[in-house]
Amino acid sequence: MNVYNKSSVIEFYKKHGNAKVPLEVWYEEVEAKWWKSPNQLKQDYGGTVSVLKNGRAVFDIKGNDYRLVAAINYEHGWVFIKFIGTHAQYDRIDANKVDLYKPSKKKEN
């Protein structure tokens, strides 16, 4: 698959250092795949991915400390990162609609 906007991954792990290795592993794994359907995605990631409508998927990163929402075009092999954030930030968005969510600068509890 071709993962677009890797800069979002880098920007995120610069702020959340413990996410660097898990996000880099995720990126390399996805780049090495070519899913033709959500079922193939589910076969590879099992319980660590939730398949949503409209070609979207939510990946659990680093034991579910972080969430990554991606829009996947199975026909063309494209993966567009739409959101990366903490579990708490994820709880405040609509994963079916979010588009490059920028978390507020407000400190989390």
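Look up: the structure comes first, before these words.
Residues numbered from 1 in each chain as written. Predicted model: local features only at pLDDT ≥ 70, side-chain atom pairs only at ≥ 80, totals over all residues. Heavy atoms only, no water.

Draft legend 1. Spotlight on the side chain of Arg 67. Residue placement: Arg 67 occurs in strand 4 (residues 66–73). When sequence neighbours within four positions are dropped, the list of residues in contact with Arg 67 reads Val 58, Phe 59, Asp 60, Phe 83, Ile 84, Gly 85, His 87 and Tyr 90. (Helix = DSSP H or I, 4+ residues; strand = E, 2+ residues; numbered from the N terminus. Contact = heavy atoms within 4.5 Å.)

Draft legend 2. Region of interest: the environment of Leu 68. Looking at the element boundaries, Leu 68 is found in strand 4. Those residues in contact with Leu 68 that sit more than four places away from it in its chain are Leu 23, Trp 26, Ala 57, Val 58, Phe 59, Ile 61, Ile 81, Phe 83 and Ile 84.

Draft legend 3. Structural detail: helix 1 (residues 6–15). Residues of helix 1 that are buried include every one of Ser 8, Val 9, Phe 12 and Tyr 13, and no others. End-on, the buried residues of helix 1 take up no more than an arc of 120°, which puts them together on one face. Exposed residues pointing more than 90 degrees away from the buried face of helix 1 are listed as Ser 7, Lys 14 and Lys 15. Next to the buried residues of helix 1 lie helix 2 (20–31), strand 4 and strand 5 (78–86). (Buried < 20%, exposed > 50% of the residue type's maximum accessible area, 1.4 Å probe, protein only. Arc of directions from axis to C-beta.)

Draft legend 4. Representation of the side chain of Ser 8. Within the element layout of this structure, Ser 8 appears in helix 1. Using a relative accessible area of 18% as the deciding quantity, one classes Ser 8 as buried. Beyond its immediate stretch of four places on either side in the chain, Ser 8 contacts Ile 81, Ile 84 and Leu 100.

Draft legend 5. Fine view of the pairing of strand 3 (residues 56–61). Here strand 3 lies mainly inside the structure; five of its six residues are buried. With three bridges joining them, strand 2 (residues 49–51) and strand 3 adopt antiparallel strand pairing. Directly across from Ser 50, in strand 3, lies its bridge partner Val 58. The hairpin formed by strand 2 and strand 3 contains four residues between the paired strands, and Asn 54 there has a positive phi angle of roughly 60°. Here strand 3 runs beside strand 4; their pairing, made up of six bridges, is antiparallel. Its bridge partner lying in strand 4, Phe 59 is registered against Leu 68. From the end of strand 3 to the start of strand 4, which pair antiparallel, there are four residues, and Lys 62 there has a positive phi angle of about 55°. (Pairing = 2+ DSSP bridges.)

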